[in-house]
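A closer look at the structure
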4 protein chains.
Amino acid sequence: MGSFKGHALPGSFFLVAGIWWTAKHSLWYATRRNKNIGSTRLASRASQRRLEIIENSVVVFFSFMGMLLEQFAANGPRLQLYNLGEKHWEDLMNWQHATMYLFFGLAGTVCLIIHTTEAAPLALDRLMLAIAFFNEGFLFFYHLHGRSMLDVHVHQLLLYAIFGGALVAFLEVFHRGNILLELLRCTLTILQGSWFWQIGFTLYPPHGPEWDLTDHSNMMFITMCYSWHLAFAMLVVSVLYCTVSCVVRSRLKRTPPMEMGLLKPRERDPESEDEIL
Amino acid sequence: MGSFKGHALPGSFFLVAGIWWTAKHSLWYATRRNKNIGSTRLASRASQRRLEIIENSVVVFFSFMGMLLEQFAANGPRLQLYNLGEKHWEDLMNWQHATMYLFFGLAGTVCLIIHTTEAAPLALDRLMLAIAFFNEGFLFFYHLHGRSMLDVHVHQLLLYAIFGGALVAFLEVFHRGNILLELLRCTLTILQGSWFWQIGFTLYPPHGPEWDLTDHSNMMFITMCYSWHLAFAMLVVSVLYCTVSCVVRSRLKRTPPMEMGLLKPRERDPESEDEIL
Amino acid sequence: MGSFKGHALPGSFFLVAGIWWTAKHSLWYATRRNKNIGSTRLASRASQRRLEIIENSVVVFFSFMGMLLEQFAANGPRLQLYNLGEKHWEDLMNWQHATMYLFFGLAGTVCLIIHTTEAAPLALDRLMLAIAFFNEGFLFFYHLHGRSMLDVHVHQLLLYAIFGGALVAFLEVFHRGNILLELLRCTLTILQGSWFWQIGFTLYPPHGPEWDLTDHSNMMFITMCYSWHLAFAMLVVSVLYCTVSCVVRSRLKRTPPMEMGLLKPRERDPESEDEIL
Amino acid sequence: MGSFKGHALPGSFFLVAGIWWTAKHSLWYATRRNKNIGSTRLASRASQRRLEIIENSVVVFFSFMGMLLEQFAANGPRLQLYNLGEKHWEDLMNWQHATMYLFFGLAGTVCLIIHTTEAAPLALDRLMLAIAFFNEGFLFFYHLHGRSMLDVHVHQLLLYAIFGGALVAFLEVFHRGNILLELLRCTLTILQGSWFWQIGFTLYPPHGPEWDLTDHSNMMFITMCYSWHLAFAMLVVSVLYCTVSCVVRSRLKRTPPMEMGLLKPRERDPESEDEIL
């Protein structure tokens with residue numbers, strides 16, 4: 001996966017996931033807040049469940065595709081783990097990436113089961129997501145041996161977003177439906193996605209000159225660049241959140257904004273989405 | 001304990017403990033969820049307490065046996081700590097392992113007292129378990145001086161499962177009866193058990209060739225292998241959980257699944273098991 | 001910013017911010033506690049919101065000024081990031097400092113929007129503050145490469161205050177209006193401010209002899225000095241808190257202190273300020 | 001303070017503090033649990049407050065004495081911080097120890113004020129204690145430069161107890177009156193005290209041979225020894241707790257143990273002691 005495409009692909013997936021989650025959570029939050037003025041017709045319990053099922057089917061599908069691609073693409077190991085002839089492990093990188101996909105696939109499968117059968121508590125979906133993120137970060141953490149300084153550094157910065165996402169998802173097990181945690185998770189997911197693109201551009205510039213991977217001022221710039229990506233992710237999430245909120249309100253068109261302000265029980269909103277999900 | 005058996009033995013204990021806890025917590029959770037349709041006859045308060053007492057008696061017994069074995073087995077120190085003649089410590093490894101058993105024995109003893117006399121709050125059993133796990137990880141952490149790279153690495157990976165288990169048990173002090181935390185603890189315990197087996201097979205292969213303990217690609221494989229063990233542990237826990245849930249439901253045979261879905265107060269289940277224990 | 005003024009300036013800002021927050025939170029807490037004896041006339045909901053808007057306007061203004069200064073002051077990069085001619089990054093220090101200001105500016109902007117439009121949950125202001133502090137600490141953390149021992153050490157000590165502030169602000173997302181967390185954040189902010197001054201005096205003594213930046217006993221003294229700054233910050237916060245409390249009580253002048261003690265529901269005070277904000 | 005007495009003295013203080021706290025918290029917990037059968041005559045609200053005032057007066061007194069001793073004992077700095085003549089810092093060790101005492105003195109002073117005037121929320125006493133412990137650990141952490149291996153190791157082990165105590169005290173800010181956290185804090189305080197004695201015996205053996213400070217097997221023994229100190233501390237705390245519980249029950253002599261078991265609302269005890277304090 002040491003290529004531009006190899007970083008752009010997962011980057012795009014995380015970007016799409018982050019944006020999709022932002023829209024979803026913003027919509028549900030707006031729905032919950034404006035419940036008293038009849039917004040539940042916008043997002044009923046049944047439609048929410050249907051959405052979850054579609055989302056997780058897509059996750060499972062792409063995880064499965066990812067695993068297949070890692071195994072059977074041009075230079076993949078084709079399910080062969082150990083080369084007995086030459087006595088070495090076969091394409092460990094591909095196997096590691098396939099393992100990452102596996103955990104996201106598992107998370108998706110479990111979510112599917114939760115939302116179709118009610119066999120387990122809802123919060124399990126966040127726990128599985130936290131484990132999937134943690135596993136991704138765990139594998140990346142031991143991934144960096146013997147690379148050049150800048151290469152190690154950009155991947156270490158990625159770990160902030162990954163482990164941050166895992167931690168927030170774990171906190172959501174206990175504070176389910178807290179919009180701030182949800183949006184923070186979305187922000188970190190978008191940050192992860194855009195940073196994957198940045199890694200691709202930095203380590204494997206598709207055109208233009210190579211970066212000096214041992215220059216310390218490059219490292220300082222990259223660190224700052226990470227902050228900008230974070231600011232960018234925050235911007236994307238807030239623009240999306242505001243757009244969704246406005247659309248929901250305007251489609252309700254019942255009460256003028258002032259009165260709404262008085263009606264809605266701010267901060268006393270139900271902390272959990274369970275009562276409507 | 002530098003032998004295959006020395007790792008397989010504790011591994012088996014943790015595997016059994018993890019599987020047993022999964023079954024126990026799944027059963028109690030299913031009982032709590034279906035309380036309104038009369039499931040309490042399956043697991044009454046008295047029978048739960050009896051189970052706890054039996055479980056902890058077994059823990060105390062095996063901890064005591066473990067300590068005795070470490071002391072009086074073939075090459076044990078036989079309670080002699082310091083060899084005054086040759087001026088060196090006597091079999092520190094055995095003493096350290098005996099210390100680990102001691103803390104699990106203490107945890108078991110305290111649980112016995114809690115469940116027989118009500119002298120202390122119930123949550124103390126999780127706190128003692130957290131301390132026992134922490135102590136195990138603490139001793140392992142300072143255990144690794146001067147070993148070869150792969151040896152250190154496999155034991156470091158073990159620490160994730162041990163300290164993870166300690167942390168989850170500590171969280172359970174505040175969120176007692178949260179099925180997700182309980183199952184997560186079970187998963188980490190099974191992971192610990194199966195990883196002990198893996199360490200045995202890696203460092204002391206009972207047949208077949210030795211591993212190259214300084215090869216970096218071996219280290220990368222082992223890291224990924226840890227993820228697979230985690231996935232395996234998650235699989236075992238979920239299969240057990242589903243089996244137990246189904247058995248409980250089918251033995252109740254009162255209401256069709258659909259109606260049950262409407263009846264049971266999902267996520268509003270009592271967070272603590274105290275009211276029935 | 002490697003100058004005395006470059007450290008004194010942010011130090012002064014943080015000192016002012018810490019003192020201002022202490023006064024604000026003490027006033028609101030005193031108001032909440034004495035609500036039953038009519039103190040709400042001192043700090044009504046509307047006036048509190050007005051205060052927040054003024055405060056955050058000031059924050060946004062100074063953040064913007066800070067960014068402009070970093071860019072266009074004497075030796076600033078003037079928005080030029082990369083010098084294509086000489087192939088090096090242009091004044092990365094200034095860009096990093098401007099990035100820090102950017103995040104505080106973002107936090108201020110978001111707070112302004114929250115308190116004027118009710119578009120998002122109130123707790124978002126603390127989350128933004130936590131992110132701004134975290135970003136500041138994150139940039140400082142990767143800022144220290146290749147400096148002398150004492151220089152690294154004084155900046156590392158600064159990180160305690162910064163990350164401590166970020167953590168406390170994050171906890172406030174879940175425990176909003178907890179006066180202890182608020183005062184702890186104020187203390188850490190004042191500590192940060194006074195420590196910036198100390199760094200200025202230590203690394204760039206305006207008059208008097210230079211410090212030996214490699215002497216270990218200097219490092220030990222500086223560590224202890226940090227504790228004294230913490231004690232000083234705690235003193236400032238407690239004096240301010242007591243003053244504000246006394247002033248509020250004396251202006252109410254309704255009930256003698258003894259009776260007040262009986263009336264007020266200690267520790268049962270509303271944990272969140274939302275009901276009056 | 002590099003002497004046997006210099007470690008035995010603080011060790012004794014922490015031992016006494018740990019034992020005293022255990023007795024106090026056990027008594028109050030037993031009182032709360034048996035409230036319905038009239039136990040409040042054993043520990044009324046007024047007598048509890050008196051106890052707190054006496055305890056904190058003693059803390060303040062000894063902190064003050066400690067500071068004076070560190071300054072004016074045989075080889076103390078006598079309030080002189082910098083030797084201008086010889087251009088070196090004067091007895092930094094003594095100053096550091098005095099700083100540690102200062103923070104415990106501050107914590108005691110604040111507790112005195114809280115329990116006499118009701119000026120601040122009760123939980124502030126735990127926050128101050130957490131800060132005092134943290135400051136102690138912080139100073140020890142930067143205290144160890146250039147010492148021999150075993151010396152560093154025994155002081156690092158001490159940090160577990162210190163930072164553990166700080167963390168538990170901080171958690172108590174949010175879970176006040178949780179008997180498990182209180183007893184855990186007592187355990188860690190006793191561990192700290194007994195470990196100070198162990199450090200004294202290890203580094204400055206009063207009689208008998210010196211330890212080899214660079215021998216790795218000594219280090220392994222000391223690590224295990226720390227676990228034994230922990231087990232010992234747990235034993236002391238549980239014996240004390242049981243004794244106090246039994247004494248309280250026997251002095252009440254109202255209801256036979258069985259009936260008490262039925263009466264008392266286990267685990268539903270008031271989580272906070274505020275209602276009786």
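Parameters and conventions
- Residues numbered from 1 in each chain as written.
- Chains lettered and ligands numbered in written order.
- Predicted model: local features only at pLDDT ≥ 70, side-chain atom pairs only at ≥ 80, totals over all residues.
- Heavy atoms only, no water.
- UniProt positions renumbered as here; feature names shortened; annotations may be inferred.
- Helix = DSSP H or I, 4+ residues; strand = E, 2+ residues; numbered from the N terminus.
- Buried < 20%, exposed > 50% of the residue type's maximum accessible area, 1.4 Å probe, protein only.
- Areas by Shrake-Rupley, 256 points an atom, 1.4 Å probe, with all protein chains shown as cover.
- Axes fitted to C-alpha atoms, helices over the stretch in contact; angles between N-to-C directions.
- Parallel < 35°, antiparallel > 145°, perpendicular 65-115°, else oblique.
- Left-handed = near helix turned anticlockwise from the far one by under 90°.
- Nonpolar A, V, L, I, M, F, W, Y, C, P; charged D, E, K, R; others polar.
- Least-squares fit on C-alpha atoms with pLDDT ≥ 70 in both.
- Contact = heavy atoms within 4.5 Å.
- Buried area = accessible area lost by both parts, 1.4 Å probe.
- Polar contact = N/O pair within 3.5 Å; in protein donor to acceptor, adjacent residues only side chain to side chain.
- Salt bridge = Lys/Arg side-chain N within 4 Å of Asp/Glu carboxyl O.
- pLDDT = per-residue confidence, 0-100.
- Patch = residues over 30% accessible without salt bridge, like charges linked within 9 Å, V, L, I, M, F, W, Y side chains within 5 Å.

Taking an unreviewed UniProt entry as the reference, chain A is identified by name as Transmembrane protein 45a belonging to Sparus aurata. If you open the UniProt record of chain A and go to Sequence similarities (unreviewed entry), you find "Belongs to the TMEM45 family." Per UniProt, chain A has the following entry under Subcellular location (unreviewed entry): "Membrane".

**So, the overall build of chain A**
For chain A, the helix and strand inventory stands at eight helices and two strands. Mapped in sequence order, the helices and strands of chain A form the string α-α-β-β-α-α-α-α-α-α. Relative to its full complement of 277 residues, chain A shows a buried share of 55%. Summing over all exposed atoms, chain A offers an accessible surface of approximately 11,700 Å²; the carbon and sulfur share of this is 69%.

**As for the packing of helix α5 (residues 149–174) of chain A against helix α6 (residues 179–203) of chain A**
Residues and elements named next belong to chain A. The contact between α5 and α6 brings their axes to 9 Å, and the two run at 165°. One element, α5, and the other, α6, form an angle in the roughly antiparallel class. The way α5 lies across α6 gives a crossing that is left-handed. Counted by class, the contact of α5 with α6 contains 17 nonpolar, five polar and four charged residues.

**What about the relation of the copies chain A and chain C?**
Structural alignment of chain A on chain C gives an RMSD of 0.0 Å, achieved by rotating through 90° and translating 0.0 Å along the axis. Expressed as a symmetry operation, the mapping of one chain copy onto the other fits a four-fold axis. Of every C-alpha in chain A, the one belonging to Phe174 of chain A sits nearest the axis of rotation, 8.0 Å from it.

**A few points about the interface of chain B and chain A**
Opposite the 33 residues of chain B that make contact, chain A presents 35 residues. When chain B packs against chain A, close to 3,100 Å² is buried across both sides, 71% of that on carbon and sulfur atoms. Where chain B touches chain A, the interface holds five residue pairs in polar contact (both at pLDDT 80 or more). Among the elements of the structure, α1 (4–33), α5 (149–174), α6 (179–203) and α7 (216–252) of chain B are those that each provide at least two residues to the side of chain B that touches chain A. With 15 residues, the single largest contributor to the side of chain B that touches chain A is α7 of chain B.

**Looking at the side chain of Thr99 of chain A**
Looking at the element boundaries, Thr99 of chain A is found in helix α3 (residues 92–117). Excluding residues within four positions of it along the chain, Thr99 of chain A makes contact with Asn135 and Leu139 of chain A together with Met224, Ser227 and Trp228 of chain B.

**Some words on the interface of chain A and chain C**
Chain A puts 33 residues into the contact, and the matching count from chain C is 34 residues. The junction of chain A with chain C conceals about 3,100 Å² of combined surface from both sides, 70% of it contributed by carbon and sulfur atoms. Here chain A is connected to chain C by zero salt bridges. For the pair chain A and chain C, the number of links is five residue pairs in polar contact (both at pLDDT 80 or more). Looking at the side of chain A that touches chain C, the elements with two or more residues in it are α1 (4–33), α5, α6 and α7 (216–252) of chain A. For the side of chain A that touches chain C, the element with the most residues is α7 of chain A, which contributes 15 residues.

**Some thoughts on the confidence of the model for chain A**
With 87% of its residues at a pLDDT of 70 or more, chain A has an overall mean of 85. This model gives residues 255–277 of chain A a pLDDT under 50, and the stretch forms 53 contacts once residues within four places in sequence are excluded.

**Here's the deal with the packing of helix α2 (residues 45–72) of chain A against α3 of chain A**
All names here are of chain A. Two elements in contact, α2 and α3, have axes whose closest approach is 8 Å; the angle formed by their N-to-C orientations is 160°. If you check the angle between α2 and α3, you find them roughly antiparallel. In the crossing of α2 with α3, the sense of the turn from one axis to the other is left-handed. Its residues assigned to classes, the contact of α2 with α3 comprises 11 nonpolar, 12 polar and three charged.

**Here we look at a nonpolar patch on the surface**
Residues and elements named next belong to chain A. There is a patch of nonpolar side chains on the surface, built from Leu9, Phe13, Ile54, Val58, Phe61, Phe62, Phe64, Met65, Leu68, Phe72 and Leu79 and spanning about 1,000 Å² of accessible area. Within the residue set of the nonpolar patch, elements represented by two or more residues are α1 and α2. When residues of the nonpolar patch are assigned to their parent elements, the largest contribution, eight residues, is made by α2. Looking at the element boundaries, Phe64 is found in helix α2.

**Concerning the UniProt feature "transmembrane region" (unreviewed entry) in chain A**
In this structure's numbering, the residues bearing the UniProt feature "transmembrane region" (unreviewed entry) are residues 12–30, 51–74, 94–115, 127–145, 157–174, 186–206 and 226–248 of chain A. Across residues 127–145 of chain A, helical content stands at 79% and strand content at 0%; the span's end C-alpha atoms are separated by 29 Å.

**Focus: the environment of Leu92 of chain C**
Relative to the helices and strands, Leu92 of chain C is located in helix α3 (residues 92–117). On the accessibility criterion, Leu92 of chain C (8% relative accessible area) is buried. Note: C-alpha distance between Leu92 of chain C and Leu81 of chain C (11 residues apart in sequence) is 7.9 Å. Look past the residues within four positions of Leu92 of chain C in its chain and what remains in contact with it is Ser217, Met220, Phe221 and Met224 of chain A.

**Looking at unusual backbone geometry**
Negative phi characterises most residues that are not glycine, and trans characterises most peptide bonds. In this model, Arg78 of chain A sits at a positive phi of 50°, which is unusual for a non-glycine residue. Relative to the assigned elements, Arg78 of chain A resides in the loop between α2 and β1 (82–83). Judged by its relative accessible area of 47%, Arg78 of chain A is partly exposed. One non-glycine residue, Leu79 of chain D, lies in the positive phi region at around 65°. For Leu79 of chain D, the position within the fold is in the loop between α2 (45–72) and β1 (82–83). Judged by its relative accessible area of 57%, Leu79 of chain D is exposed.

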